[in-house]
Every structure is written in C-alpha cells, then in structure tokens.
Amino acid sequence: VAAVFSLVLQKVPPDFEKTTEEELWLSQERSRAAFCSTPLGLTLVTPGGQLLEANQALADLLDYSLEQLGASRFGDLIWPEDLGIYWAYTAELTRQENIQMELRLRHREGGPVRTQLNASAVRDKEGSTLYLVCHIQDLSERVEVEALKDSEERFRLLTENVAEAASRSKSDFL
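Residues numbered from 1 in each chain as written. Predicted model: local features only at pLDDT ≥ 70, side-chain atom pairs only at ≥ 80, totals over all residues. Heavy atoms only, no water.

Moving on: the overall build of the protein chain. Counting secondary structure elements, the protein chain contains seven helices and five strands. Ordering the α and β elements of the protein chain from the N terminus gives α-α-β-β-α-α-α-α-β-β-β-α. A buried classification covers 25% of the 174 residues belonging to the protein chain. Sequence-distant contacts in the protein chain: of pairs separated by 6 or more residues, those separated by 24 or more amount to 43%. As displayed, the protein chain has an accessible area near 12100 Å², and 56% of this comes from carbon and sulfur atoms. (Helix = DSSP H or I, 4+ residues; strand = E, 2+ residues; numbered from the N terminus. Buried < 20%, exposed > 50% of the residue type's maximum accessible area, 1.4 Å probe, protein only. Contact = heavy atoms within 4.5 Å. Areas by Shrake-Rupley, 256 points an atom, 1.4 Å probe, with all protein chains shown as cover.)

Structure follows, in structure tokens:
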C-alpha cells in the first residue's frame, strides 16, 4: 500500500496545487464579473429571505445602495400584496429547478416596480436549498407600452362609436 501511495504522489505534478488555486481564482473572477456586469438585477437569497448578495443593477432599479440592500430581507423589498405569491412560488423550488413570476418590488421612494423574477435553487449534496439565485428584469417599460396600446385601442373604439353615433343622429335628424 505504501508503494502505491508513493507512486501516486510521484505522479502528481509539482505545480498541481498552484494550478488548482489559479483555476479556482479564475472561476471566482468569471462569476464575479458575470454577477456585477449584467444589466439584470441579481441577488442571492437564503430560503428564509435574507439577502446574501445583490448587484448594482438591482440597487439602481430600486434606488438603494448596495449596503442598504445587504441589510435587507428580500421580503421587505417585495410589494406587500405580492409577498404571498413569492413565497408560494419559491416553495415550488422543492419540486422544480427554476421558477418564473411577475412580481412588484418596492422602490426606495415607496412606489411599485414591475419585474419578472427568475429563480433557481442552489442545493447542497443532500438536496437541501442553500440559497436562491434570482434574476430580476425591469418590466416597467413593457407595462407602459402595454398601457399605451390599451389606451390607443380605447380611443380608437371611442372615436368609431362617436362617428357612428353622429352619423345615426344626422340620419335621424334629416
């Protein structure tokens, strides 16, 4: 056994530990760059709702500093009427890999921010959830465009109805 162990040790390259450390550092740097540079809001949230980390895009979206977000619970950032939806969907992560939902978050000034939240669970070896990786996309512009389209459609229907009513009134009068 000692001879086999000695042979295995002789086969390990002398720079193996250094290479492994460099690979780990590079992997961490790639993850950090992806986390920080994305235009989407990103956050890591414990199953109990504590924010472990958030990126600048999320801070900008809600007008908080990173320090303020770091001291928050995710539930404090969710619009009160949407909190039950969030907890129901996250409970689904015990059976699914990912969830997706529309969710209103609370802007620092108090108003709602319409978002789409995509979350995935990071699990330990036993399958227990360690934390959620949440990608948060601002839907405010989309919601405004949809509202404008609805308004234009209502205006079009109104003008058609007014024109039709005016034409009938003219015919009835003559």
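Back to the write-up after that little detour.
Glancing now at the pairing of strand β3 (residues 98-106). Of the two faces of β3, only the one carrying I99, M101, L103 and L105 is buried; N98, Q100, E102, R104 and R106 on the other face are not. Summarising the sheet, β3 and strand β4 (residues 112-123) pair through nine bridges and their orientation is antiparallel. Along β4, the bridge assignment pairs R106 with P112. Between β3 and β4, which pair antiparallel in sequence order, lie five residues; one of them, G110, sits at a positive phi of approximately 110°. (Pairing = 2+ DSSP bridges.)

On the secondary structure map, L103 appears in strand β3. Linking L103 and I78, residues 25 residues apart in sequence, is a C-alpha distance of 7.5 Å. Leaving out residues up to four positions away in the same chain, L103 has contacts with I78, D82, Y86, V113, R114, T115 and L117.

For the rest of this paragraph, the subject is the packing of aromatic side chains. Applying the stated criterion to the full structure yields two aromatic pairs. With a centroid separation of 5.0 Å and an interplanar angle of 70°, the aromatic rings of Y86 and W87 are classed as edge-to-face. Given the relative accessible area of 34%, W87 is considered partly exposed. Grouped by ring-pair contacts, the aromatic residues F74, Y86 and W87 constitute a single cluster. (Phe/Tyr/Trp six-rings, centres within 6.5 Å; stacked < 30°, edge-to-face > 60°.)

Before going further, it helps to examine the nonpolar core. In terms of nonpolar packing, the biggest core is built from 25 residues, with L58, L62, L69, F74, Y86, L105 and L117 touching the most fellow members. For this core, the elements supplying multiple residues, two or more each, are β2 (51-54), α3 (56-62), α5 (74-77), β3, β4 and β5 (129-138). In contact with L105, other than residues within four places in its own chain, are L58, L62, F74, L77, I78, W79, G111, P112, V113, T115 and I136. (Core = buried A, V, L, I, M, F, W, Y, C linked by side-chain atoms within 4.5 Å.)

Once that is clear, we can look at the side chain of D82. Turning to its location among the elements, D82 is positioned in the loop between α5 and α6 (83-91). Once residues within four sequence positions are removed from consideration, D82 is found in contact with L103 and R104.

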